[in-house]
Structures are given as C-alpha cells and as structure tokens.
Amino acid sequence: MANPVTAAHPSAEEHARGMVDYFRQGEQKARELPNRGPIKLDQTGALDPTILQAYQRYGFYVFEGVIGADELAELRSDVDGVLARAPVDPESTVDRDGQPAFGQDFARQPYRFAKPLSDPLGGTDRNKGRHPVKVTAPTPASDAPSWTVELLHGNLHLMDSCLRLYGHPGLLAACASVLGNDFVPYNEVAFIKEPGLGPSVAWHQDGTTHWDAEDWDPDAHGFNYMAQLYASTPGNAVWVLPGSHKLGKNNIKQLVEESGSERIEGAVPLVCNGGDVIMTNRQLTHGSFANSSPDRRITLNAGFFARRRVLNVTTELLSGDLATFDQARVEERSRMIAIAIDARRQRFPEEASYVYRPLAGREDENRWNEDTRHTVVKDYNLRDMYI
Ligand SMILES: O=C(O)CCC(=O)C(=O)O
C-alpha cells in the first residue's frame, strides 16, 4: 500500500485522510473473521468450543451485547464523573472547577496524562522498550488542551459500576475456559481516547516474563477483556495482527519495514459496538493510532492470567522493580473477583452468579459492603500482578 501520511506531524485531518484506505481494508478483514457473537456457554458452564477455537486461532474474540443498556449508562456516567473531576494537568491538585481533584486519597494516582495525539511510548525505552517503533503524532487543533487524560488506573476502586461488571458471570466463565478455573487477576485500567486528543499506543506485545520459558504457549501471558463503552471504530480502535500471539516474540520493527509504514499489513481493528467486550490475547502484536477521528473510545480493560504463570513467579515489573507473587499475594488480590461477584449479585439479583472456585465457600468474608470498600477494595491495585 502507498504511504499516504508522509509528514512527521500532519494535521489531524491530514492524518485521518491518509488512513482511509488502510482503515477500510482493515475493517473489512475484521468483519470477515468468524470471531464475533454473544457469549455461549454449554450446560457445564464451559465456553462453546467453536468460540474457544476462534479465540485460539485469531487471538481475539468479540463478545457482542454483553452489557445491557442500563449497565452501560451506569458505566458511562461513572467514567464521566471521574473524568470531570480530574486534575487540570499532571501537576495540579484541583479539577476544572477549582475544587480538589478526585482520587488524591488513593495510594496510586488514578490519572495518567499525555500530550494530545502524541506517541508517548514508540521508540523509547519506556515499558522495558517493548514499543520499538514511533508512530505518527498528528498536530492537535490550535484550541486543544495541553494535556489529555489517557488512562485511569484502578477501575475497581474508582467506579462501583466497574466492580459490578468485573463480576459478570459470562465473562468469568469464558475466562475460566481459557485460563483454567483457578485464573487470577492482572490489573484494571480504562483507556481514554477522546476525539482529536487521544494519544497513540505504539505497536507492542504485552508480556515480558515467559517468552523464553520451556513451556511457553499462546496463553502464557493471559488476556485482557476490553469492554467498550462506545463504538470502537477503525479510527479509534486497538488494532491487532491476528494469529501473532502464537508466534512468540514478533519482530515489530521488521513488520513495519516490510509494510513500508506503521500501517502493518494484515492488521485489523477491533471494531464493535458499545456494550461489546473483546477478549484480547496479550501476546498479540497490537496498538492504537492517535485518535484523529471524530469518535470517542472508552475501553475498560480487565486482565487475567493462568495461576501457574503467576504463582511464586519473580519478575521485573514495567517500572523495573522486582516482584514475587506468593500465595498470600495471589489470594488477597483474587478477593477482588469474589467481592465483584457479590457486588454484581446485589445489583442484578435475578442473574445466576459465577462461582470463583479458588474462593468458593468464603463468600461471607468477601461481601461487598462499606467495610470491604475500605479494607479490601481501596488501594487494591497496589497488589496488581504482572507478568
Ligand atoms: O486501548 C488502547 O489504545 C491500547 C491498549 C493496549 O495496548 C493494551 O491493553 O495493552
């Protein structure tokens, strides 16, 4: 394909125009793949084998219509509330109304900022250098703010609706079918891609621990659920290279060189509707372009690992610090699943709850109430696990 975006910093409109062909072709390819539809479980609660096979083959599956209208409205409203009370810039402690910004009592700052339409990661050594190639950073409009919130960290203590979604029985059952009944959590973050502002996330693969393990396999670094609160379009979506999760460490530099540009050939956008949830293998080569489109994307990520890939594993975190995930750490962090199931049961009592086997029988100590909000849920993300 020709390289229609040649300027290093095109205007947002030039950037959007230059991507039109790539976007159209990618979307067509994505919609031709047999990997989307509702969650289907058999009588034992296992994921329909056709779905499992499609996920294993392509590395992602779009679960359609997971989030109903009321729940979607609650999620959108909670995210809007948290964004409305963000500090006005990374150094500030007040929001746009001059009031104390939200979230200052959390141990870990909930907001991550970026320059509008920038590429903060590509070609840098950040995140252990796993984003080797810089992607185009269009010039934002002259009235764009200096900073945009690109990420929220710790969805489950920031927003009750996110905790309830985390306890979704169909999503947890599908997770168990891929990673085993004793699956464990990773982290929960929200990617914010405002139109004309959202920065890119340069091409990368997510895991950094098990690539050279003798028993490495396509699920070695788990997957992320990506719950979409609005339509995910070619312009704002995460793009993935289908099947790349099975090939070990991909040579992203070479893929870009061979494609003649950052528009990697064969990649497809994770297009879907608001309310859909995509299971996305973390080993896929994936990334998102600067959002020069007119459409907002808000994605709630919730990641999971197979227990054996985490328990008693020592690894270097993206920060460079070393961590070991012993039994106590794994168990305490996994309580978030049990508490989320109870939070969901209280909001949707007519739904059959998922039973999380590792904590079965311990429901009473994992109730969702004002006590556990403070003793377990608040600052739970200090115990996030990473491989
Ligand atoms: O949502 C995005 O734009 C990027 C997501 C991503 O790279 C990830 O979840 O690892």
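Before reading on, note that the structure itself is shown above.
The rules behind the values
- Residues numbered from 1 in each chain as written.
- Predicted model: local features only at pLDDT ≥ 70, side-chain atom pairs only at ≥ 80, totals over all residues.
- Helix = DSSP H or I, 4+ residues; strand = E, 2+ residues; numbered from the N terminus.
- Contact = placed C-beta atoms within 7 Å.
- Buried ≥ 20, exposed ≤ 12 C-beta atoms within 10 Å, placed from the backbone.
- Pairing = 2+ DSSP bridges.
- Core = buried A, V, L, I, M, F, W, Y, C linked by C-beta atoms within 7 Å.
- Near = placed C-beta within 6 Å.
- Nonpolar A, V, L, I, M, F, W, Y, C, P; charged D, E, K, R; others polar.
- Axes fitted to C-alpha atoms, helices over the stretch in contact; angles between N-to-C directions.

Draft legend 1. Structural detail: the overall build of the protein chain. Helices and strands together make up the secondary structure of the protein chain, namely eleven helices and 14 strands. Taken over the C-alpha atoms alone, the protein chain extends approximately 60 × 50 × 40 Å along its principal axes. Summarising the internal contacts of the protein chain: among those between residues at least 6 apart in sequence, 81% fall at separations of at least 24.

Draft legend 2. Structural detail: the pairing of strand β12 (residues 297-305). Here β12 lies mainly inside the structure; nine of its nine residues are buried. Of the two faces of β12, the one holding Arg 297, Thr 299, Asn 301, Gly 303 and Phe 305 and the one holding Ile 298, Leu 300, Ala 302 and Phe 304 are both buried throughout. Of the pairings in the sheet, the one linking strand β5 (residues 184-193) to β12 comprises eight bridges and is antiparallel in character. For Lys 193, the partnering residue across the bridge sits in β12 and is Arg 297. As paired strands, strand β7 (residues 223-228) and β12 are joined by six bridges and run antiparallel to one another. Residue Met 226 lies in a different strand from β12, and its bridge partner there is Asn 301.

Draft legend 3. Representation of the sheet that holds strand β6 (residues 201-204) within the structure. Read across the sheet, four strands follow the order β6-β11-β8-β9 without closing on themselves; strand pairing throughout is antiparallel. The sheet is open, and its two edges are formed by β6 and β9 (268-269), each paired on a single side.

Draft legend 4. Here's a closer look at the nonpolar core. Ranked by size, the top nonpolar core spans 104 residues in total, and within it Phe 60, Val 240, Leu 270, Met 279 and Ala 340 carry the most contacts. Residue contributions to this core peak at eight residues, all from helix α10 (residues 327-347). Setting aside its immediate chain neighbours within four residues, Met 279 contacts Tyr 55, Phe 60, Tyr 61, Phe 63, Ala 174, Phe 223 and Tyr 225.

Draft legend 5. Quick look at the site of the ligand. Taken together, Phe 191, Val 201, Asp 206, Asn 224, Val 238, His 286, Ser 288, Thr 299 and Asn 301 make up all the residues around the ligand. Of all elements in the fold, only β11 (286-288) and β12 reach the threshold of two or more residues within the shell around the ligand. Within the shell around the ligand, the residues separate by chemical class into three nonpolar, five polar and one charged.

Draft legend 6. Examining the environment of Phe 223 more closely. Locating Phe 223 in the fold gives a position in strand β7. Distance from Phe 223 to Asn 301, taken between C-alpha atoms, is 9.8 Å for residues 78 residues apart in sequence. In this structure, Phe 223 is in contact with Val 178, Met 279, Thr 280, Asn 281, Arg 282, Gly 303 and Phe 304, ignoring residues within four places of it in sequence.

Draft legend 7. Up close: the sheet that holds strand β1 (residues 36-37). In space, the eight strands of this open sheet follow the order β1-β2-β10-β7-β12-β5-β4-β3, with mixed pairing throughout. Across the chains shown, the open sheet's two edge strands, defined by having one partner strand only, are β1 and β3 (111-114). Packing against the sheet, helix α8 (residues 169-179) makes contact with β7, β10 (277-281) and β12, and its axis sits at approximately 45 degrees to β12.

Draft legend 8. Representation of the pairing of strand β2 (residues 60-63) in the model. Neither face of β2 is open: one carries Phe 60 and Val 62, the other Tyr 61 and Phe 63, and all of them are buried. As paired elements, β1 and β2 share two bridges and run parallel to each other. The partner of Gly 37 across the bridge, within β2, is Phe 63. As paired elements, β2 and β10 share four bridges and run antiparallel to each other.

Draft legend 9. Layout of unusual backbone geometry. Phi is positive for Leu 117, close to 60 degrees, though the residue is something other than glycine. Positionally, Leu 117 belongs in the loop between β3 and α5 (126-129). Classification of Leu 117 by C-beta neighbours within 10 Å gives buried; the count is 26. Despite not being glycine, Lys 128 shows a phi value in the positive range, around 60 degrees. Exposure remark for Lys 128: the 13 C-beta atoms within 10 Å place this residue in the partly exposed category.

Draft legend 10. Broad picture of α8. For α8, the full list of buried residues reads Leu 171, Leu 172, Ala 174, Cys 175, Ala 176, Ser 177 and Val 178. Residues of α8 that are buried sit in contact with α3 (49-58), β7, β10 and β12. Phi turns positive one or two residues past the end of α8, at Gly 180, with a value near 100 degrees.

Draft legend 11. Region of the structure containing the environment of Pro 195. When you line up the elements, Pro 195 lands in the loop between β5 and β6. Among the residues examined, Pro 195 registers 15 C-beta atoms within 10 Å and is labelled partly exposed. Linking Pro 195 and Asp 295, residues 100 residues apart in sequence, is a C-alpha distance of 5.2 Å.

Draft legend 12. Quick peek at the environment of Met 19. Its place among the elements puts Met 19 in the loop between α1 (12-18) and α2 (20-32). The sequence separation of Met 19 and Asp 160 amounts to 141 residues, and the corresponding C-alpha distance is 37 Å.

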